[in-house]
Amino acid sequence: QVQLVESGGGLVQPAGSLRLSCAASGRIFSINFMGWYRQAPGKQRELVASITRDGMTNYADSMKGRFTISRDNTKNTVYLQMNSLGPTDTAVYYCKAVVSTSLRNPPSVVWGQGTQVTVSS
């Protein structure tokens, strides 16, 4: 089985920064898609940013210019650098990966358990 473990969440003041990490472990042949999503109380989960194995990135409009996604394929880890945080960024942030465990098996979607980010003074 493959597991994703997020870290780096916490409490930050408005205009502050945080860096989230998500490390994949287990039986991994390859990871194509890795992404960050977030879910605020009472709202649907939404895409924050994603990155392919080749480094192609995609951002939600409200995150462009503030957030940067990156990954280290040698460590099966994806990062999210978040700058200029505001109260509306408060949410649980989830990591998602599309993982292949072998050439024969189709890829599967794996989610992390989530990490809380709270922006407040």
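See the structure printed just above.
Residues numbered from 1 in each chain as written. Predicted model: local features only at pLDDT ≥ 70, side-chain atom pairs only at ≥ 80, totals over all residues. Heavy atoms only, no water.

Caption draft 1: Quick look at the pattern of salt bridges. A full pass over the atoms with the stated rule returns four salt bridges. A single network of salt bridges, built from pairs that share partners, joins Arg38, Glu46, Arg66 and Asp89. (Salt bridge = Lys/Arg side-chain N within 4 Å of Asp/Glu carboxyl O.)

Caption draft 2: Region of interest: the nonpolar core. One finds Trp36, Leu80, Met82 and Tyr93 to be the most contacted residues of the largest nonpolar core, which totals 31 residues. Looking at this core, the elements with two or more residues in it are β1 (2–7), β3 (18–26), β4 (30–39), β5 (46–51), β7 (67–72), β8 (77–82), β9 (91–100) and β11 (115–119). It is β9 that contributes the most residues to this core, five residues altogether. (Core = buried A, V, L, I, M, F, W, Y, C linked by side-chain atoms within 4.5 Å. Buried < 20%, exposed > 50% of the residue type's maximum accessible area, 1.4 Å probe, protein only. Helix = DSSP H or I, 4+ residues; strand = E, 2+ residues; numbered from the N terminus.)

Caption draft 3: Inspection of the sheet that holds β7 at higher detail. The strand order across the open sheet built from four strands is β1-β3-β8-β7, with neighbouring strands paired in antiparallel fashion. Strand pairing shows two members of the sheet lacking a second neighbour, β1 and β7, which therefore form its edges. The average angle at which neighbouring strand axes cross in this sheet is 15°, direction not considered. (Pairing = 2+ DSSP bridges. Axes fitted to C-alpha atoms, helices over the stretch in contact; angles between N-to-C directions.)

Caption draft 4: Main features of the state of the cysteines. Applying the stated criterion across every chain yields a total of one disulfide. Residue Cys22 pairs covalently with Cys95 via a disulfide, S to S 2.1 Å. Since a negative S-S torsion denotes a left-handed disulfide, the Cys22-Cys95 link at about -80° is left-handed. Note that Cys22 is positioned in strand β3 and Cys95 in strand β9, a separation of 73 residues in sequence. Each member of the pair, Cys22 as well as Cys95, carries the same accessibility label: buried. (Disulfide = S-S within 2.5 Å.)

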